[in-house]
Amino acid sequence: MKRLLFITPVALLLVVLVGFGLGLRRDPSVLPSMLIGKPLPTFVLPSVRAGDGGLSSQALGGRPALLNVFASTCGPCLIEHPLLMRLKDEGVMVAGIDWKEPAAQGAAWLAQHGDPYVLAGNDPDGRAGIDLGVSGTPETFVLDRHGTVRFRVVGAITPEVWSQTVEPLLARLERES
Amino acid sequence: MRRPVIVAALLALAGPALAVTPDEQLRDPKLEARAKAVSRELRCVVCQNQSIDDSEAPLAHDLRVILRERIAAGDTDDQAKAFLVKRYGSFVLLKPPFEPATWALWLGPFAVLAVGGLGVAGYWRAHAKGPEALGPEDEAELASLMAGADGGE
Amino acid sequence: MVAEVGQFALILAFLLALIQAAAPLVGAHRIDPVLMALGRQASLLQALFVIAAFAALAWCYVACDFSVQLVAEHANTAQPLAYRFAATWGSHEGSMLLWVLILAIYGGAVAQFGGNLRETLQARVLGVQGLVGAAFLGFLIFTSNPFLRLDPAPPEGVELNPLLQDPGLVSHPPLLYLGYVGFSVAFAFAVAALLEGRVDAAWARWVRPWVLAAWIPLTCGITLGSLWAYYELGWGGWWFWDPVENASLMPWLLGTALLHSALVLERRGALPSWTILLAILTFSLSLIGTFLVRSGILTSVHAFAVDPERGVWILGIIGVFTGAALILYAWRAPALKTGTLFQPLSRESGITLNNLFLTTLAAVVFLGTFMPVFIELAHGDKISVGPPYYAWTFAPLAIPLLGLVVFGPMLTWKRDSWPALRARLRAPALAAAAVGLAVLVFGGWRHAVAVAAIALAAWLLAGAAAIPGRRWWAGRASLGRSIRTTPPGVIGLSLAHAGLGLLLLGIAGVTAWQQDTVLTMQPGQTTTFAGRTVTLTSLELVDGPNYQAREAKFAVHGWAGDYALVGQRRAYATSQTTEAAVHVTPLGNLYVSVGDPQDGGIVVRMWSHPLIMWIWTGGFLMAAGGLVSLSDRRLRLGAPVRTPQLQPVPAAAE
């Protein structure tokens, strides 16, 4: 009995060490999205680009899609930008939300760098973003054909994230009914 | 891939917590006081360990404004907090919820105290007995010794 | 060239550490005086070489040698000299070098000043120190080399984060490290004692000064860190339960328990296995703190550039050292003799309860800091723990502890009686009641908790004063003579416990009665706040050596008189800071922070912080008490060879 008592510290240490070791693999600064498995919250956003109809959550149904939150002041957005342009050429539905800035700024950025968005809306006060649980740019939501959120990428979509997670997921979502 | 959250955090951290600017405040002082108290319990998710009341980050500003809107619209404190938890998760609460996942967190300290306390109490009980009473043989021997001591010299 | 010399010195130190690890441990096992002497020599030489390596790095910083990568990343020519020097430990590699430096110096001190120790014990202590030193020097050389070169060297370096360019920076980390690393000596003593199979009063007498020597700078470091955060960060906070702050608090709590436990072991031979366990765990928590800051497992204000790979290395070191020590403990500790028994009402019991509460408090901080990691691993849920958690767990558990603090020194050893104890406690109890009543009358019923806390602070202060006070009262000497003849250990204890009372007083005052307001002010505008009238007299742009600032001058009419305050909002090349304007008085501070311009004026936030200065006064007083205790010759005279002694009749509290 006494022995048991004296062994407890080592046993606890083992648990702690294993926990720490496993814990090192996570990224403590990334929050998991609360929307995974849930339908997209309702929003109606005015247009970014002159003349188009803006973006509403209802329009994002019927086929798998990427919803990308961007801003003209966002550096990493430029990193993933070529990928988004490529996706547009391949026919993937990419929608954009211009986050927390006037539409004119977003439109100018798109004109300058290229416009990968089939649909785009302007969220000047960030309310739609907050409903989506956005904490910065860029963030990308992967939606299935029912408008349910299946995955979220925080930060730019790097080639690894694309090839290991997003691309296979999109392929799977296309096959789903 | 980390966003330049670090820069934002440094900026937020480096600046003073003039977080709540005068134009954000609610007119009703009671509501404003409630809003302040609740925002002190909410974490700024893009900062490194600050409440939205203390932080200068733009997102903290947005959350403060939304919080005040909810409270002004009649939400209770819990409802206002739930609004944000629904969007950002339990992470946004500085006081962790009390649920099965967090029982160890909340009850752990008291468990440690209880176990340790039992140990100490056990020690006391084991060693608090006074000197043992003498058995009959020892009593007799003592008696004879005492008699001898009185009788001698 | 200097960097290469430093690199070379580091490698030599590593080799010497290996010798210091092997030779004395073998020598103690075989009772070979030559090997044991070799251990001492190796320890001194190792210290010398690490000093040389550190000096080399410091020289590179001061001389702005930008071909050294670290220097290019943390210093530039515009940076004042003091901060170029302090930048030596402003990075992961540099601070690790500081860590190793202090470790080597402590080892050398044991070698040099440990002549009164039993030779085999000293040898084993040095051996364990050597092992720890070798592990960290290896970590430094192979994964975190401070002397890496940049080719081509940039013409100018990156400035050190302006938040860190402050006198507090110069002293805060070294003090903390003196504490963290200082507990390695206690750890080494514990492991050495387990290896020897002997833990007794003599061992406790030898180890106590080393524990104090670590505890004092740690107390200072934590207090200073809190004070620095208060005036530097600009929002009047002084403790945030940030993971890295917690990492310093945990060893402090256990180190305090260790200090008291070792006292019991020395005087009564009791609690040997508790004391050994505390010695092992205190240093382990220091190591875990090091792990926390450098591995990226938690985000924190203080974290260095995080690198999970380095984290794995440190985790490995923790596993090896703490694991081996605890296995040794599980094996050897059950056989340790438990010494003389004691009754529930005795000083030993008081200190046992003290240990229990301090350990529980350390567990609270540990759970609050690390449970989010475990919960995320188990459930995938990300939760966070902030100040409200600690308000519900730490505070309620600290209150009984603070109450018990007065009992401890008032109790006699082995066995005490309630009536006698009650008589001794009468004076502090009366003082506490009187103060509580007074505050209640003036402060009102709404702040009942604060009133209770202040009464508790009065209880602590009166209890601390009663210890030398009773000696003086009982004797016939004058007060001065009485103080001169009181052992420094007793005076130290009184000061330290009084410091605790002041700390509580400050915390109670600022938590209960803090006020704040925020408004936009135009130059010339006046406002009233917390009983003061504040006027913004001027608003202008000024230039500093490496920043531009918006400077606001205030004229304040306070309770005691008028004074001026100057606050700044500084823009450096890479960031902004606030220099808060603080008016300090014993009764409370007025804290004014200046923000961004708005509507032609400027946003101003003001706080009133009643009694807040007593927090840090208390902290430093605790450290001062420790210093006074350390000066007690009784601590430094080695324990002579044990002669059988009759147990003295329990006397009044010493």
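Residues numbered from 1 in each chain as written. Chains lettered and ligands numbered in written order. Predicted model: local features only at pLDDT ≥ 70, side-chain atom pairs only at ≥ 80, totals over all residues.

S.K.: What is the right way to look at the overall build of chain C in this model?
M.R.: Along chain C, the regular secondary structure elements total 19 helices and 9 strands. By its C-alpha atoms, chain C is 80 × 75 × 55 Å across when sized along the principal axes. At a minimum sequence separation of 6, the contacts of chain C that also span at least 24 residues come to 74%. (Helix = DSSP H or I, 4+ residues; strand = E, 2+ residues; numbered from the N terminus. Contact = placed C-beta atoms within 7 Å.)

S.K.: Explain the sheet that holds strand 4 (residues 548–557) of chain C here, please?
M.R.: Two modes of strand pairing occur in sheets, parallel and antiparallel, and in both the strands are linked by backbone hydrogen bonds. All names here are of chain C. Ordered in space as 2-3-4-5-6, the 5 strands form an open sheet in which the pairing is antiparallel. Because the sheet does not close on itself, it has two edges, and the strands there are strand 2 (526–529) and strand 6 (576–579). Strand after strand, the sheet turns through a mean of 25 degrees between neighbouring axes, direction not considered. Pairing analysis gives 4 bridges linking strand 2 to strand 3 (residues 532–543), with the strands arranged antiparallel. (Pairing = 2+ DSSP bridges. Axes fitted to C-alpha atoms, helices over the stretch in contact; angles between N-to-C directions.)

S.K.: Teacher, can you tell me more about the domain arrangement of chain C here?
M.R.: Accessible area lost upon the coming together of the parts serves often as the stated size of an interface. Residue and element names in this part refer to chain C. Split into domains, chain C comes out as domain 1 (1–165), domain 2 (169–330 + 351–365), domain 3 (390–513 + 618–636) and domain 4 (515–610). For domain 1 and domain 2, the distance between their C-alpha centroids amounts to 21 Å. When residues of the side of domain 1 that touches domain 2 are traced back to their parent elements, those giving at least two are helix 4 (81–86), helix 5 (92–113) and helix 6 (119–143). The residue inventory of the side of domain 1 that touches domain 2, partitioned by class, reads 18 nonpolar, 8 polar and 1 charged. (Domains from an automatic or database assignment. Nonpolar A, V, L, I, M, F, W, Y, C, P; charged D, E, K, R; others polar.)

S.K.: When you look at the interface of chain A and chain B in this model, what are you seeing that I'm missing?
M.R.: Counting from both sides, the interface comprises 15 residues of chain A and, opposite them, 15 residues of chain B. Taken together, the elements giving at least two residues each to the side of chain A that touches chain B come down to helix 2 (75–90) and helix 4 (127–132) of chain A. Each residue belonging to the side of chain A that touches chain B can be placed in one class, and the counts come to 6 nonpolar, 8 polar and 1 charged.

S.K.: Any chance you could explain helix 5 of chain C here in plain terms?
M.R.: Think of an α-helix as 3.6 residues a turn; residues three or four steps apart then line up on the same face. With 22 residues, helix 5 of chain C should cover 32 Å at 1.5 Å per step; its first-to-last C-alpha distance of 31 Å lies within 8% of that length. Of all 22 residues in helix 5 of chain C, 18 are buried; the element is thus mostly enclosed. (Expected span 1.5 Å × (residues − 1). Buried ≥ 20, exposed ≤ 12 C-beta atoms within 10 Å, placed from the backbone.)

S.K.: When you look at the interface of chain C and chain B in this model, what are you seeing that I'm missing?
M.R.: Counting residues at the interface gives 44 residues for chain C, matched by 37 residues for chain B. Contributing elements (two or more residues each) for the side of chain C that touches chain B: helix 12 (347–379), helix 13 (387–410), strand 1 (515–521), strand 6, strand 8 (588–598) and strand 9 (601–610) of chain C. Split into classes, the residues belonging to the side of chain C that touches chain B amount to 22 nonpolar, 18 polar and 4 charged.

S.K.: What's the story with the packing of helix 2 (residues 33–62) of chain C against helix 6 of chain C in this structure? I'm lost.
M.R.: The description of two helices packed together rests on the angle between their axes and the distance between the axes. All names here are of chain C. Remark: helix 2 packs on helix 6, axes separated minimally by 9 Å, with the N-to-C direction vectors making an angle of 40 degrees. With respect to helix 6, the axis of helix 2 lies oblique. Crossing angle aside, the handedness with which helix 2 passes helix 6 is left-handed. Contacts between helix 2 and helix 6 involve Met36, Gly39, Arg40, Ser43 and Gln46 from the first element and Glu119, Ala123, Leu126, Gly127, Gly130 and Gly133 from the second. Grouping the amino acids of the contact of helix 2 with helix 6 by side-chain chemistry returns 3 nonpolar, 6 polar and 2 charged. (Parallel < 35°, antiparallel > 145°, perpendicular 65-115°, else oblique. Left-handed = near helix turned anticlockwise from the far one by under 90°.)

S.K.: Hey, could you run me through the sheet that holds strand 7 (residues 581–585) of chain C in this one?
M.R.: All names here are of chain C. Pairing in this open sheet of 4 strands is antiparallel, and the strands run 1-9-8-7 from one edge to the other. What marks the edges here is a single partner per strand, and that holds for strand 1 and strand 7. In this sheet, adjacent strand axes meet at a mean angle of 15 degrees when their direction is disregarded.

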